[in-house]
Amino acid sequence: MPSSTSSTDAPTPSMARSPEDPANAPASESAGSSDFSNFSDIDGFLRIPRLASLAAGSDGRVVAAIQEADENGAKLVSSLWELDPEGGQPARRLTFSASGESAPRFAPDGSLLFSSARPDPQGEGDEDTSAIWRLPRTGEAQVVASAPAGLTLLGVAENGTMLAATSVLPGGALENDAERRKARKDAKQTTIWHTGMPIRQWDHEIGDQSRRLVLVSTDGDLTDLTPDVGTVTLYAASADLSPDGSTVATSWTQRVRGGETRSSIVLIDTATLRRVVLLQADDGSQFGAPLFSRDGSRLAVIRSTASSPTDTSYSHLEIHPIGGGEPVAAQLGDLSIGDLAWAEDGSLLVAGDLHSSGAVLAIDPTSGASRTVAADGVFSALAPAADGTLFALRNDVGTPSRPVRITADATPRELPAPGAVGALPGTLEWVETDVDGITVGGWLCVPASASAAEPAPVMLWIHGGPHGSYNAWSWRWCPWLAVERGYAVLMPDPAMSTGYGDEGLNRGWPRLPDVVFRECETLFDAVLPRPELDDTRTAMLGASFGGFMANWIAGHTDRFDAIVTHAGLWALEQQHRTTDAAASKMRVHRHEDEVPEWYRQYSPHRAAASITTPMLVTHGNRDYRVPVSEALRLWWDLVSGWDGEPETMPHRFLQLTSENHWVLTPSNALAWNQAMLAFCDQHVLGADPIPEVLPW
């Protein structure tokens, strides 16, 4: 069971600043100086510093990127902090610009590379685009390289050469991109010429830019390694640079018939730009996430199978010898792949979800055999050090991401850093039940104040994905805010959850809401008889696939007092064609004329007339995975189908016009949490109705 508290010390206001640019230090420089435990303060909760990434240097240094809300709650700003690898000293802040700094990575000479859109002191470049910067151990940070569309650092070779990604306008070259961008901006031209699919991804368009891979010399000169690619080839590419800087391995996407794409692995010679296909995708498999071993002799890749009406997509980790030979399949057991990193001893480290928690495994590259490096927690941002120590971020349902040092005894030791939380407002317990011979479990959070005399109302949360797990801390859906309000929260891992092997992923496929709800409801009914829980006051909440579940459940039962649906699918015939992932949706679920019974049974909009439970609908306008048209149609069906007077209609719609699939802006997250809790208070607890004009 995850630890429910954390008591790490954090920096104090009197800490000495780096000489980098102290004049730009924000007022919240010392954020995280004490553990946060007042979960009734939602704004304060959303201002807790968040650990985002880690980097470990060959000289033993460890640096973390830490995000924090700006003064107005308009955005999260990242800064870099140096951590004591031994855990004896508080973290020391290194960067202070208002634009923020992220993605730290150490150069071979020990200097720190990072990305930032901060102003260049030399007066060059565009402040709105991210450049690559270098911060020496002493002295000021300087720009290493920039490009009109910004640069994203992907890899660093032993000689200091870097691999980065940028974009150019279609039909152009890196050399004239700045001029062409200015002309397009001045003309206010926003057209995109499409010649196939895909045309969107999550919250941005595809086709208005051509993504390129560039080699960055130690002097900052850029060489376009992919000058002849179109707008689709590298739009979602993952790439790595070999240790000697001679070769780039990248995913390479090509369109095929039926609106589909396939991603292969291509090797690019950085001197000649010659390309060789290492792994060719086909209708059954495609490849991604290439990562060179530390000696450059092997390449780790993830091979993903194509989903079908009977099987979901499965991910397999393979290690391919660069010089030829048979690949080695990693033996991961039930672990679902998350993060990858090569260790100094030549083993491949893999972090991922495992059995309602997570683990880090070390893979022998010659046999594929695995051993456990760390368990009991969800690990990310793997940063192996030269001495064999592993640094990473660890979190669980009761603990936000904390930096940890993992040594040979496999016991993570937390390092001091901002962003700790103190005592939680309740208890955390793993609960299980049997559903048709299958053990289904979930995390139950119960307020400390709950008792037989004053039982707590209960929320059922269903996670998204559907391939996901309630095994980690969430800033967007944090159960402890509801627990502080007096609610108990049950978060099941039903069919199709990650961390339970391929069989668990495929149980309930193809996205069968009745199977998922049966497992969730059975677990819900198993815990409700507890005397500290009130089975007469309940709510159901979900987002994405969980939002689809909320929409479907609303039309198939009236057992809940309130339902909250965020980014939920409503009319499947519509969503399957308008999502950015239309190819896979249509491949799996097919045309409604081919399987009319499936659509009749499982498209939530078919049961709109049966909805009697008050629903709160929330959705972002920039959501391309579940387009806002789903919420618009759901809202029309709810409003137009209400038989009573308009002022008596219980349903509400919180539209987030600047958000995408997630609510990322802190101020919008504040409004979302307040609206969600107030809606549940009204319909579950009998609180006063939410006013027409929101107080937040």
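Conventions and cut-offs
- Residues numbered from 1 in each chain as written.
- Predicted model: local features only at pLDDT ≥ 70, side-chain atom pairs only at ≥ 80, totals over all residues.
- Heavy atoms only, no water.
- Helix = DSSP H or I, 4+ residues; strand = E, 2+ residues; numbered from the N terminus.
- Rg over C-alpha atoms; globule rule 2.2 N^0.38 Å.
- Buried < 20%, exposed > 50% of the residue type's maximum accessible area, 1.4 Å probe, protein only.
- Contact = heavy atoms within 4.5 Å.
- Pairing = 2+ DSSP bridges.
- Expected span 1.5 Å × (residues − 1).
- Salt bridge = Lys/Arg side-chain N within 4 Å of Asp/Glu carboxyl O.
- Axes fitted to C-alpha atoms, helices over the stretch in contact; angles between N-to-C directions.
- Parallel < 35°, antiparallel > 145°, perpendicular 65-115°, else oblique.
- Nonpolar A, V, L, I, M, F, W, Y, C, P; charged D, E, K, R; others polar.
- Phe/Tyr/Trp six-rings, centres within 6.5 Å; stacked < 30°, edge-to-face > 60°.
- Polar contact = N/O pair within 3.5 Å; in protein donor to acceptor, adjacent residues only side chain to side chain.
- pLDDT = per-residue confidence, 0-100.
- Lys, Arg positive; Asp, Glu negative; His and termini not counted.
- Disulfide = S-S within 2.5 Å.

Quick look at the overall build of the protein chain
Phase 1: Across its full length, the protein chain carries 11 helices and 38 strands.
Phase 2: Computed over its C-alpha atoms, the radius of gyration of the protein chain comes to 25 Å, within 12% of the 26 Å expected for a compact globule of 696 residues.
Phase 3: Each of the three principal axes of the protein chain carries a C-alpha extent, and together these read 70 × 60 × 60 Å.
Phase 4: Counting all 696 residues of the protein chain, 55% fall into the buried class.
Phase 5: The long-range fraction of contacts in the protein chain, counting pairs at least 24 apart against all pairs at least 6 apart in sequence, stands at 56%.

Brief notes about the sheet that holds strand β22 (residues 328-329)
Phase 1: With antiparallel pairing, the four strands of this open sheet are ordered in space as β19-β20-β21-β22. Single-partner strands in this sheet number two, and they are β19 (285-292) and β22.

Side note on the pairing of strand β24 (residues 348-354)
Phase 1: With six of seven residues buried, β24 is to be regarded as a mostly interior element.
Phase 2: Of the pairings in the sheet, the one linking strand β23 (residues 336-342) to β24 comprises six bridges and is antiparallel in character. Bridge pairing links Ile337 to Gly352 in β24.
Phase 3: In this antiparallel pair of consecutive strands, β23 and β24, the connection spans five residues, and Gly346 shows a positive phi of 95 degrees.
Phase 4: Between the end of β24 and the start of strand β25 (residues 357-363), which pair antiparallel, lie two residues, with His355 showing a positive phi angle near 50 degrees.

Points about helix α11 (residues 666-685)
Phase 1: For α11, spanning 20 residues, the distance from its first C-alpha to its last is 27 Å, which sits close to the expected 28 Å at 1.5 Å a residue.
Phase 2: Taken from the residues just after α11, Gly686 is the one with a positive phi, measuring 80 degrees.

Points about the environment of Gly547
Phase 1: Its location among the elements puts Gly547 in helix α6 (residues 545-554).
Phase 2: A residue is classified by how much of its surface remains accessible, and Gly547, at 0% relative accessible area, is buried.
Phase 3: Setting aside residues up to four positions removed in sequence, Gly547 forms contacts with Gly542, Thr565, His566, Gly568 and Leu569.

Overview of the pattern of salt bridges
Phase 1: In the structure shown here, the tally under the stated rule is 34 salt bridges.
Phase 2: For the salt bridge of Arg118 with Glu101, the shortest nitrogen-to-oxygen distance reads 3.4 Å. In this pair, Arg118 is assigned in the loop between β6 (112-116) and β7 (131-135) and Glu101 in strand β5 (residues 101-106), connecting sequence segments 17 residues apart. Glu101 carries the same exposure label as Arg118, and that label is buried.
Phase 3: One salt bridge connects Arg294 with Glu344, and the closest N-O pair in it is separated by 2.5 Å. Of this pair, Arg294 sits in the loop between β19 and β20 (298-305) while Glu344 sits in the loop between β23 and β24, and the two are 50 residues apart along the sequence.
Phase 4: Linked by salt bridges that have partners in common, Glu260, Arg262, Asp283 and Arg587 make up one network.

Details of the packing of helix α5 (residues 513-527) against α6
Phase 1: Contact pair α5 / α6: the axes reach a minimum separation of 10 Å and the direction vectors enclose 90 degrees. Comparing their axes, α6 and α5 come out roughly perpendicular. When α5 is examined against α6, the residues Pro513, Asp514, Val516 and Phe517 are found in contact with a partner set consisting of Phe545, Phe548, Met549, Trp552 and Ile553.
Phase 2: A class-by-class count of the residues in the contact of α5 with α6 yields eight nonpolar, no polar and one charged.

So, the packing of aromatic side chains
Phase 1: Counting across every chain of the model gives 16 aromatic pairs.
Phase 2: Pairing Phe114 with Trp133 gives two aromatic rings, centres 6.3 Å apart and planes at 10 degrees, and the pair type is stacked. Placement of Phe114 in strand β6 and of Trp133 in strand β7 is noted, with a sequence separation of 19 residues between them. Across this residue pair, the class does not change: Phe114 and Trp133 are buried.

Here's the deal with the environment of Gly110
Phase 1: Along the chain, Gly110 turns up in the loop between β5 and β6.
Phase 2: Residue classification places Gly110 among the buried positions, given a relative accessible area of 11%.
Phase 3: With 50 residues separating them along the chain, Gly110 and Gly60 place their C-alpha atoms 9.6 Å apart.

A few points about the pairing of β5
Phase 1: With four bridges connecting them, β5 and β6 associate as antiparallel partners. Within the sheet, the bridge partner assigned to Ser102 lies in β6 and is Ser115.
Phase 2: Counting the residues that bridge the hairpin from β5 to β6 gives five residues, and of these Gly110 lies at a positive phi of roughly 90 degrees.

Examining the environment of Arg118
Phase 1: Of the residues examined, Arg118 reaches a relative accessible area of 7% and is grouped as buried.
Phase 2: For the pair Arg118 and Asn621, spaced 503 residues apart in the sequence, the C-alpha separation amounts to 29 Å.
Phase 3: Within the structure, the side chain of Arg118 is placed 3.4 Å from the side chain of Glu101, a separation counted as a polar contact.

Concerning unusual backbone geometry
Phase 1: That bond from Met197 to Pro198 is cis: its omega, 0 degrees, falls within 30 degrees of zero.
Phase 2: For the bond running from Trp509 to Pro510, omega is 5 degrees, close enough to zero to count as cis.
Phase 3: Mapping Pro510 onto the fold places it in the loop between α4 (501-506) and α5.
Phase 4: Notably, His355 is not glycine yet its phi reads approximately 50 degrees, a positive angle.
Phase 5: Position of His355 among the secondary structure elements: in the loop between β24 and β25.
Phase 6: Residue Met496 is not a glycine yet carries a positive backbone phi of 75 degrees.
Phase 7: The buried category is assigned to Met496, whose relative accessible area is 0%.

Focus: the confidence of the model for the protein chain
Phase 1: Considering every residue of the protein chain, the mean pLDDT works out to 93; 94% of them sit at 70 or more.
Phase 2: A low-confidence stretch, residues 1-33 (pLDDT under 50), is modelled with 94 contacts involving residues beyond four sequence positions or located in other chains.

Topic: the sheet that holds strand β35 (residues 533-543)
Phase 1: The eight strands are arranged β31-β32-β34-β33-β35-β36-β37-β38 in an open sheet whose pairing can be described as mixed. One side of each edge strand has no neighbouring strand; the edge strands of this open sheet are β31 (426-435) and β38 (652-656). The average angle at which neighbouring strand axes cross in this sheet is 20 degrees, direction not considered.
Phase 2: The strands touched by helix α10 (residues 629-640) within the sheet are β36 (562-566), β37 (615-620) and β38, with β37 carrying the most contacts at an inclination of about 155 degrees.

Brief notes about the side chain of Lys585
Phase 1: Here Lys585 is to be found in helix α8 (residues 582-589).
Phase 2: We note that Lys585 is buried and unpaired, the nearest opposite charge coming from Asp580 at a distance of 8.0 Å.
Phase 3: Setting aside its immediate chain neighbours within four residues, Lys585 contacts Arg511, Leu569, Gln575, His576, Thr579 and Arg590.

Let's talk about the state of the cysteines
Phase 1: With the rule as written, the count across this model stands at zero disulfides.
Phase 2: No disulfide involves Cys478; its sulfur sits 8.5 Å from that of Cys445, the nearest cysteine.
Phase 3: On the basis of relative accessible area, Cys478 is assigned to the buried category, the value being 3%.
Phase 4: With no disulfide partner, Cys680 has as its closest neighbouring cysteine sulfur the one in Cys478, 15 Å distant.
Phase 5: Looking at Cys680, the relative accessible area reads 0%, which means it is buried.

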